[in-house]
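Descriptive structure summary
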Amino acid sequence: MSAMRDDSLTEAERARILAKAALFDPPGDVLADGRRDLVGLSRAEMAQALAALDEPAFRVKQLWHWIYHRGVTEFAAMTSLGRPLQTRLAEGFVVGRPLVASCQTSRDQTRKFLFRFRDGQEAETVYIPDREEDRGAVCLSTQVGCTLSCRFCHTGTQRLTRNLGAAEIVGQFMAARDAYGEWPSPADGATRLLSTIVLMGMGEPLYNYANVAKAMTIVMDGEGIALSRRRITLSTSGVVPMMDRVGEELGVNLAVSLHAVRDDLRDELVPLNRKYPIAALMAACRRFPGASNTRRITFEYVMLKGVNDSDADARELIRLIAGMPAKVNLIPFNPWPGSAYETSPAERVAKFAQAINDAGFSAPVRAPRGRDILAACGQLKTTSARARADLAQD
Ligand code: SAH
Ligand code: SF4
């Protein structure tokens, strides 16, 4: 893998990150010295924190602007706050970031960050530039590892260590912005590189709903990062009872990892199917609030050679989604060390896609991105052993 370059940040990018260096301490929102991280607090929680300093509520607006619109991490740079308040804030609080443990850039410019949190746990975040336009998607992790062990997924071989907190989820996006120098936040709709969030990294977002919801609420806040809910997609392997809440409470786009159209096969590939079988999953999709022809539900379907890629599978898939505002993302299987499957041949994928197209559904084939640095879908895994193995390669 000669294209692999570890720590491929430029000097300027590295300097920007270091300038906002993570406050690298024990887990949670509170540091060893008792200071509290303001990142990840809701507006109400921030107001409480300020009230404890006898500061009025309008300070929240100011702080929010500095933290989430300007991307400032030093209280001393928050000029509208005045010196005495800056000093008191610095005594009690920090504006934290995860530490960049490593960063690799693929030959297709996909970039994988390995972020380290205060307790030393790590998760990967991938920036995927759009091929045509000057923008791209940030793929965020929501858990360290995953409980769900889908058979084709590398993350699934890493046991769940813990959920990520809201600060850690937002922090991945903010630290990626630091690297690309994308502060202050432009108004939504303006061109910027980091313009979309996909919750498709490590972990099952709906098994960490509270933190994911809080993080997305922060990201969507119009006075900060201000990402529109249409620019956020949450991917789930099918945690049916939580899917309604995503639509009702967050209004972000939904992607469902389907991968098989028969329960016997899906039970094997996505073991969560034993709890929430296909019929229950499709019923949840059909009632998903906000789904429409302009806001389709995405069904992700990893193409596994000889396993789920037959014409009969395509026909059954069409039957399952009939009448739904849906599109199908066909993902050529991304292999990882020790994986038991092969990628369906391109002609098979094309034929499968054609059948779905003919039934009136869009079925783009997702081009694998960042495979050379194991940054493509389902290749993320961050045991320290794997990270060390990565670093050892050249
Ligand atoms: N846990 C969530 C989100 C993270 S996985 C979920 O399962 O939806 C993101 C997507 O990558 C899912 O659709 C997942 O099924 C897919 N994926 C996992 N392993 C893969 C692999 N080896 N090749 C291609 N896609 C994979
Ligand atoms: Fe977990 Fe998603 Fe991987 Fe399944 S595909 S093991 S749910 S991260």
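Now for a description of the structure that goes with this document. Fair warning: this is a prediction, and the values are worked out from it, not measured in the lab.

A separate point is the packing of aromatic side chains. Scanning the model with the defined rule gives five aromatic pairs in all. For the ring pair phenylalanine 113 and phenylalanine 115, a centre distance of 5.4 Å and an interplane angle of 5° mean the geometry is stacked. For phenylalanine 115, a relative accessible area of 0% corresponds to the buried category. Summarising the aromatic geometry, the rings of tyrosine 127 and tyrosine 180 are spaced 4.7 Å apart at their centres and angled 55° between planes, so their arrangement reads as tilted. Note that tyrosine 127 is positioned in strand 6 (residues 122-129) and tyrosine 180 in helix 5 (residues 166-180), a separation of 53 residues in sequence. Comparing tyrosine 127 with tyrosine 180 shows no difference in burial state: the two are buried. Above the plane of the ring of tryptophan 64 lies arginine 43, whose end atom (NZ or CZ) is 4.7 Å from the centre. When the ring centre of tryptophan 183 is taken as reference, the NZ or CZ atom of arginine 177 above it lies at 5.0 Å.

Another aspect to go through is the pairing of strand 12 (residues 253-257). Counted residue by residue, strand 12 has five buried out of five residues, so it is predominantly covered. Burial of strand 12 is two-sided: the residues Asn253, Ala255 and Ser257 facing one way and the residues Leu254 and Val256 facing the other way are all buried. Inspection of the sheet shows strand 11 (residues 232-236) paired to strand 12 by four bridges, in the parallel sense. Among the inter-strand pairings, serine 235 is bridged to a residue of strand 12, identified as alanine 255. With helix 7 (residues 240-250) bridging strand 11 and the parallel strand 12, this β-α-β connection has right-handed handedness. Bridge count for strand 12 against strand 13 (residues 297-303) is three bridges, and the pairing is parallel. The residue of strand 13 that forms the bridge with serine 257 is glutamate 300.

So, how was this worked out
- Each chain has its residues counted from 1, following the order in which its sequence is written.
- Each chain gets a letter, beginning with A, and each ligand a number, beginning with 1, in the order they are written.
- Only residues with pLDDT of at least 70 get local features here, since the model is predicted, and only at 80 or more are side-chain atom pairs given and counted; chain-wide, interface and lining totals rely on the full set of residues.
- As a rule here, side-chain values come from all non-hydrogen atoms in the structure, and water together with hydrogens is ignored.
- Only centres within 6.5 Å qualify two rings of Phe, Tyr or Trp (six-membered ring in Trp) as a pair; their planes then separate them into stacked at under 30 degrees, edge-to-face at over 60, and tilted for everything else.
- For every residue, the accessible area obtained with a 1.4 Å probe (protein chains only) is divided by the maximum for its type, and the residue is called buried under 20%, exposed over 50%, and partly exposed between those limits.
- Strands are runs of DSSP state E lasting at least 2 residues, helices are runs of H or I lasting at least 4, and numbering of each runs from the N terminus.
- Counted as over-ring charges are cases with an Arg CZ or a Lys NZ within 6 Å of the ring centre that also lie within 35 degrees of the ring normal.
- Two strands pair if DSSP finds at least two bridges between them.
- Handedness rule for crossovers: strands pointing away from the viewer, path from the first strand over the helix to the second running clockwise, crossover right-handed.

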